[in-house]
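# Summary of structural features
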Amino acid sequence: MQFQRVGEWLYSDIVRLRDEWAASLEAQDVMDMGELMSLIDHPDVVVVDVRPRDEYEYDHIPGALSIPIDELESKISELPRDKRIVVYCRGHYCLYAPEAVQLLRRHGFDVVRLDEGVREWNRLAHAT
């Protein structure tokens, strides 16, 4: 986390550009890691990892489905329409999850984005 703060300080323009980009997206609900931890086993929640498959195979949030962002539209019929979809990617600066939210919303899904990724999941899971 310290490196991220130093990077944000050194590259404040990157943060500004990311924030401008994020503000231009459709309104997106964001789920925090604590909320996901409390809902992870809930039958009405489906967690989808939209990172490339090799990243998923290396490590992922337990129970998450792997549907890489470049396959998401072609596999959209595999997702349940009666459940809340939580998508995640590499974390705060990754663009896959916001893109997935836009795509799934256009197709009528109830979808939220996890603002963090596997690294934060592991850190929180091992802290409890």
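Calculation rules
Residues numbered from 1 in each chain as written. Predicted model: local features only at pLDDT ≥ 70, side-chain atom pairs only at ≥ 80, totals over all residues. Heavy atoms only, no water. Helix = DSSP H or I, 4+ residues; strand = E, 2+ residues; numbered from the N terminus. Buried < 20%, exposed > 50% of the residue type's maximum accessible area, 1.4 Å probe, protein only. Contact = heavy atoms within 4.5 Å. Salt bridge = Lys/Arg side-chain N within 4 Å of Asp/Glu carboxyl O. Polar contact = N/O pair within 3.5 Å; in protein donor to acceptor, adjacent residues only side chain to side chain. pLDDT = per-residue confidence, 0-100. Core = buried A, V, L, I, M, F, W, Y, C linked by side-chain atoms within 4.5 Å.

Attention now moves to the environment of Y56. Mapped onto the secondary structure, Y56 falls in helix α4 (residues 53–58). The class of Y56 is buried, set by a relative accessible area of 17%. Contact partners of Y56, with chain neighbours within four places excluded, come to D49, R51, A64, L65 and S66.

Scanning all chains against the criterion turns up eight salt bridges. Among the ionic pairs, E71 bridges to R53, the shortest N-O distance being 2.6 Å. Here E71 is found in the loop between β3 (65–66) and β4 (84–88), whereas its partner R53 is found in helix α4, with 18 residues between them in sequence. A relative accessible area of 23% means that E71 is categorised as partly exposed. Exposure remark for R53: the relative accessible area of 30% places this residue in the partly exposed category. The partner of K75 in a salt bridge is E71, and the shortest N-O contact between them spans 3.3 Å. By sharing partners, the salt bridges in this structure join D49, R51, E55 and R90 into a single network.

Its place among the elements puts D49 in strand β2 (residues 45–49). In this structure D49 comes out as buried when scored by relative accessible area, which is 0%. In terms of polar contacts, D49 uses its side chain to reach the side chain of R51, at 2.6 Å. Setting aside residues no more than four positions away along its own chain, D49 makes contact with Y56, D59, H60, A64, L65, S66, I67, P68 and Y88.

Attention now goes to the confidence of the model for the protein chain. Residues of the protein chain with pLDDT of at least 70 account for 88%, and the chain-wide mean is 87. Per-element confidence in the protein chain is highest for β3, whose mean pLDDT is 98, and lowest for helix α2 (residues 12–24), whose mean pLDDT is 68.

Counting 19 residues, the largest nonpolar core has V48, V50, L72, L79, I85, V87 and L104 as its most contacted members. Of all the secondary-structure elements, those providing two or more residues to this core are β2, β4 and α5 (96–106). The residues touching V48, leaving out its near neighbours within four places in the chain, are L65, I67, L79, I85, V86, V87 and Y88. With 14 residues, the next largest nonpolar core counts V47, A64, V86 and Y88 among its residues.

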